[in-house]
Amino acid sequence: QVQLVESGGGLVQPGGSLRLSCAASGIIVSINTINWYRQAPGEQRDLVATITSGGSTNYANSVKGRFTISRDNAKNTVYLQMDSLKPEDTAVYYCNSRSLYGTRTYWGQGTQVTVSS
């Protein structure tokens with residue numbers, strides 16, 4: 001049974017920070033590609049950040065320099081550190097896992113992030 005359990009979302013003021021967590025079971029995060037996606041109401045789900053099995057990271061231009069994806073292999077958990085948050089970052093954030101060759105993919109249930117004064 002594969003589970004991706006997300007936590008850390010909430011309400012934050014513009015310029016503030018949040019750290020999202022994706023705790024995985026049934027997969028090993030260090031041998032999978034882990035992605036964070038986000039989806040605002042009425043909009044498409046967009047890729048935000050990626051960490052590969054080799055540890056390489058990539059970011060959407062809209063969050064580059066503000067967000068950092070990382071993992072703790074001992075805890076089998078992936079994080080998304082979000083700094084300098086903007087109202088445009090408001091969305092449901094989803095954790096996603098892809099196996100080697102992309103043959104297996106899993107999704108978390110999402111966690112709400114709201115950036116507002």
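Everything below is about the structure printed above this text.
Residues numbered from 1 in each chain as written. Predicted model: local features only at pLDDT ≥ 70, side-chain atom pairs only at ≥ 80, totals over all residues. Heavy atoms only, no water.

Turning to the state of the cysteines, a few remarks are in order. Throughout the structure, instances matching the rule amount to 1 disulfide. Sulfur-sulfur distance for the disulfide between Cys 22 and Cys 95 comes to 2.0 Å. Because the torsion about its S-S bond is -80 degrees, the bridge between Cys 22 and Cys 95 counts as left-handed. In this pair, Cys 22 sits in strand E3 (residues 18–25) while Cys 95 sits in strand E9 (residues 91–98), placing the two residues 73 residues apart along the sequence. In terms of burial, Cys 22 and Cys 95 fall into one category: buried. (Disulfide = S-S within 2.5 Å. Helix = DSSP H or I, 4+ residues; strand = E, 2+ residues; numbered from the N terminus. Buried < 20%, exposed > 50% of the residue type's maximum accessible area, 1.4 Å probe, protein only.)

On to the sheet that holds strand E7 (residues 67–72). Strand order in the open sheet formed by 4 strands is E1-E3-E8-E7, with antiparallel pairing between adjacent strands. Each end of this open sheet is capped by a strand with a single partner; those strands are strand E1 (3–7) and E7. Across the sheet, the axes of successive neighbouring strands diverge by a mean angle of 15 degrees, strand direction being ignored. Where E1 and E3 come together, 5 bridges link them in antiparallel fashion. What sits directly across from Gln 3, in E3, is Ser 25. (Pairing = 2+ DSSP bridges. Axes fitted to C-alpha atoms, helices over the stretch in contact; angles between N-to-C directions.)

Positive phi, close to 50 degrees, is recorded for Ser 84, a residue that is not glycine. Mapped onto the secondary structure, Ser 84 falls in the loop between strand E8 (77–82) and E9. Non-glycine residue Tyr 101 carries a positive phi angle of around 70 degrees. Relative to the elements of secondary structure, Tyr 101 occurs in the loop between E9 and strand E10 (105–107). Tyr 101 sits in the exposed class, given a relative accessible area of 76%.

In this structure, Asn 35 sits in strand E4 (residues 33–39). Within the structure, the side chain of Asn 35 is placed 2.7 Å from the side chain of Thr 50, a separation counted as a polar contact. Of the polar contacts made by the side chain of Asn 35, one reaches the side chain of Asn 96; its length is 2.7 Å. (Polar contact = N/O pair within 3.5 Å; in protein donor to acceptor, adjacent residues only side chain to side chain.)

Attention now goes to the pairing of strand E11 (residues 111–115). Alternating positions in E11 separate cleanly, Thr 111, Val 113 and Val 115 being buried on one face and Gln 112 and Thr 114 remaining unburied on the opposite face. Bridge analysis of strand E2 (residues 10–12) against E11 gives 3 bridges, and the strand direction is parallel. In the strand pairing of E11, Gly 10 is matched with Val 113. As defined by bridge partners, E9 adjoins E11 across 3 bridges and the pair is classed as antiparallel. For Tyr 93, the partnering residue across the bridge sits in E11 and is Thr 111.

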